[in-house]
Amino acid sequence: MAGVLAPATLKVKTMLDLTMLRKQLPEVVARLATRNFVFPEKEFNELEAARKTVQTKTEDLQQKRNVLSRQIGMAKKNGEDASALMAEAAQIPEELTKLEAELDDIRTRLNDMLLRIPNLPHESVPVGKDESENVEVRRWGTPREFDFEVKDHVDVGAPLGLDFDTAAKESGARFAFMRGQIARLHRALAQFMLDTHTRENGYVECYTPYIVTASTMQGTGQLPKFEEDLFAAKKGGAFGEQEQMYLVPTAEVTLTNQVAGMMLSYKDLPLKVTAHTPCFRSEAGAYGRDTRGMIRQHQFDKVEMVRIVRPETSYDDLEEMTHNAEGILQKLGLPYRVVALSTGDMGFGATKTYDLEVWIPAQNTYREISSCSNCEAFQARRMGARFKDENGKTQYVHTLNGSGLAVGRTLVAVLENYQNADGSVTVPEALRPYMGGVEVLRPIEGGVFAH
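Residues numbered from 1 in each chain as written. Predicted model: local features only at pLDDT ≥ 70, side-chain atom pairs only at ≥ 80, totals over all residues. Heavy atoms only, no water.

1. A short note on the packing of helix α8 (residues 180-199) against helix α13 (residues 407-417)
In step 1: For the pair α8 and α13, the least separation of the axes is 10 Å and the interaxial angle reads 115 degrees. Judged by the sense of rotation from one axis to the other, the crossing of α8 with α13 is right-handed. Counting all contacts with α8, which are made through I182, L185, H186, L189, A190 and M193, the residues of α13 involved are V407, G408, T410, L411, V414 and L415.
In step 2: For the contact of α8 with α13, a count of residues per class yields nine nonpolar, three polar and no charged. (Axes fitted to C-alpha atoms, helices over the stretch in contact; angles between N-to-C directions. Helix = DSSP H or I, 4+ residues; strand = E, 2+ residues; numbered from the N terminus. Left-handed = near helix turned anticlockwise from the far one by under 90°. Contact = heavy atoms within 4.5 Å. Nonpolar A, V, L, I, M, F, W, Y, C, P; charged D, E, K, R; others polar.)

Right, dumping it as structure tokens:
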């Protein structure tokens, strides 16, 4: 990656195109309405009017300063008294400083408002009020028919080393403690995913920080919108008095922000990167949902895929990235379906999203295991991530992200879909090389602490 730092930071780091907002506001308002979002049109127009007024005054003063400068020069050249002109000119810098401060305040208020506005949905996204109007695109695999009573992953996993009681004792609800063969299976899943994406799908493996700054979180849109869903690190101590730090909710944050503030060459693109990290989420909006087991946790592992690409290829990249995630499920033999999210169910920064939902036998339904999204230039504008195209024109990159996959939910799906009547779990063939050739996980005789 041969990019260089951009020469200057943006005055307003909105994630939407300000030119489009100014010229096509009614269309923007209408498109955001399909996302159940009410654009603050009155506030925006007031701030824009104030900005224009201040800029006009600034330009008038700058023109006046130039005129006075010429008049002073002429007066001195002609031997005339220029003191009055000089006195008038001397007042201008102070007036310009006041106007600049006023303009900075307007820009700050405009920025604060725009940071909370979601991305515009792509024209191909189904319009709908919520998840009930998502559209199924395709299915793969046939759910297994069991000739015994199906158990959920909590009951299947407990005799194999999956322990929620110890986790609750140490950390509270929504955590898991794994021992022995279950811990190994969990690790095997992550390694299998990384190997598939790097060896077959062309991604470069990365290792990234688990704690990042607030500005890094802002770069990909987690802040300020989703602050209540984040775990904040205590200020002071090891971090001194620098800006607030946060635990990453996904490696999307670190993988995408690696190009923040950079001017790339078109030859640098596309960038395809992946990383396995723990993810930390407070699940503030999920109180009472999925409290049993590993479906929704405060700490979970995920293998993330990120693409940073040229605008003209980003929707082809979205399709390819979705197929990359599907490939993991197919290799594991797990039935799933692909769903196109409606405008009312998409994530904050996405223009278009496909969810992969894996079959969970104990719930007799499909549950989300991956989300693949195109953000177009939404995050790039925030980060100041640009590139020079073949003609030397500066453009914003497009960013995409997708789970490839959520490791804990994949473990849930394997335990439930591959369970046997005797309490054992068959190891999917694709994972056996990562399990030292083990083909079946069996309940631990003598309890979970036995060797």
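Now, onward.
2. Here's the deal with the state of the cysteines
In step 1: Throughout the structure, instances matching the rule amount to zero disulfides.
In step 2: Among the cysteines around C279, which has no disulfide bond, C372 carries the closest sulfur, lying 14 Å off.
In step 3: In this model C375 remains outside any disulfide bridge; the closest cysteine sulfur is found in C372, 11 Å from its own. (Disulfide = S-S within 2.5 Å.)

3. Observations regarding the UniProt feature "binding site: ATP" (unreviewed entry) in the protein chain
In step 1: Here the UniProt feature "binding site: ATP" (unreviewed entry) sits at R281, S282, E283, E368, I369, S370 and S371.
In step 2: For R281, the position within the fold is in the loop between β10 (271-280) and β11 (299-309).
In step 3: According to the relative accessible area criterion, R281 is partly exposed, its value standing at 28%.
In step 4: Discounting chain neighbours no more than four positions away, the residues touching R281 are D229, F231, P249, T250, Q297, H298, F300 and K302.
In step 5: As for its placement among the helices and strands, I369 is situated in strand β14 (residues 365-374).
In step 6: Taking relative accessible area as the criterion, I369 reaches 2% and is therefore assigned buried.
In step 7: With sequence-adjacent residues up to four places away left out, I369 is seen in contact with L329, L356, E357, V358, S403, L405, A406, R409 and T410. (UniProt positions renumbered as here; feature names shortened; annotations may be inferred. Buried < 20%, exposed > 50% of the residue type's maximum accessible area, 1.4 Å probe, protein only.)

4. Re the domain arrangement of the protein chain
In step 1: According to the domain assignment, the protein chain contains domain 1 (39-113) and domain 2 (129-439).
In step 2: A separation of 50 Å is found between the C-alpha centroids of domain 1 and domain 2. (Domains from an automatic or database assignment.)

5. Considering the pattern of salt bridges
In step 1: The tally for this structure, following the rule as stated, stands at 27 salt bridges.
In step 2: Between R51 and E48 there is a salt bridge; the shortest N-O distance is 2.9 Å. One end of the pair is R51 and the other is E48, both in helix α3 (residues 41-77) and three residues apart, which spans about a single turn.
In step 3: Residue classification places R51 among the buried positions, given a relative accessible area of 12%.
In step 4: Residue D104 is joined to R107 by a salt bridge in which the shortest nitrogen-to-oxygen separation is 3.8 Å. One end of the pair is D104 and the other is R107, both in helix α5 (residues 92-114) and three residues apart, which spans about a single turn.
In step 5: The partly exposed category is assigned to D104, whose relative accessible area is 34%.
In step 6: With a relative accessible area of 17%, R107 lands in the buried category. (Salt bridge = Lys/Arg side-chain N within 4 Å of Asp/Glu carboxyl O.)

6. A closer look at the pairing of strand β17 (residues 398-406)
In step 1: Buried residues dominate β17, accounting for nine of its nine residues.
In step 2: Looking at chain direction, β11 and β17 are connected through seven bridges and run antiparallel. Looking at the pairing, I308 lines up with T399 of β17.
In step 3: As paired elements, β14 and β17 share three bridges and run antiparallel to each other. Bridge pairing in β17 places S373 opposite N401. (Pairing = 2+ DSSP bridges.)

7. Remarks on the packing of aromatic side chains
In step 1: Summed over all chains, the structure comprises eight aromatic pairs.
In step 2: On the basis of an interplanar angle of 70 degrees and a centroid distance of 5.8 Å, the ring pair of F348 and F378 is categorised as edge-to-face. One end of the pair, F348, is in the loop between β12 (336-340) and β13 (352-360); the other, F378, is in helix α12 (residues 378-383), with 30 residues separating them in the sequence. Both residues of the pair, F348 and F378, belong to the buried class.
In step 3: A network of ring pairs unites the aromatic residues F226, F348 and F378 as a single cluster.
In step 4: We note K272 situated over the ring of Y203; from NZ or CZ to the ring centre the distance is 5.1 Å. (Phe/Tyr/Trp six-rings, centres within 6.5 Å; stacked < 30°, edge-to-face > 60°. Lys NZ or Arg CZ within 6 Å of the ring centre and 35° of its normal.)

8. Here we look at the nonpolar core
In step 1: Within the largest apolar cluster, 49 residues are counted, with the highest numbers of intra-cluster contacts made by L185, L189, M193, L329, L334 and L415.
In step 2: With near-sequence residues (within four places) excluded, L415 lies in contact with H153, V156, G157, L160, L162, I182, L185 and V425.
In step 3: Residues L16, L18, L47 and L114 belong to the second largest nonpolar core, which totals 26 residues. (Core = buried A, V, L, I, M, F, W, Y, C linked by side-chain atoms within 4.5 Å.)

9. Quick word on the sheet that holds strand β7 (residues 232-233)
In step 1: Ordered by their spatial adjacency, three strands build an open sheet running β6-β8-β7, and the pairing between neighbours is antiparallel. Because the sheet does not close on itself, it has two edges, and the strands there are β6 (211-213) and β7.
In step 2: Of the strand pairs in this sheet, β7 and strand β8 (residues 245-247) are connected by two bridges, and their pairing is antiparallel. Pairing of A232 across the sheet is with Y246, part of β8.

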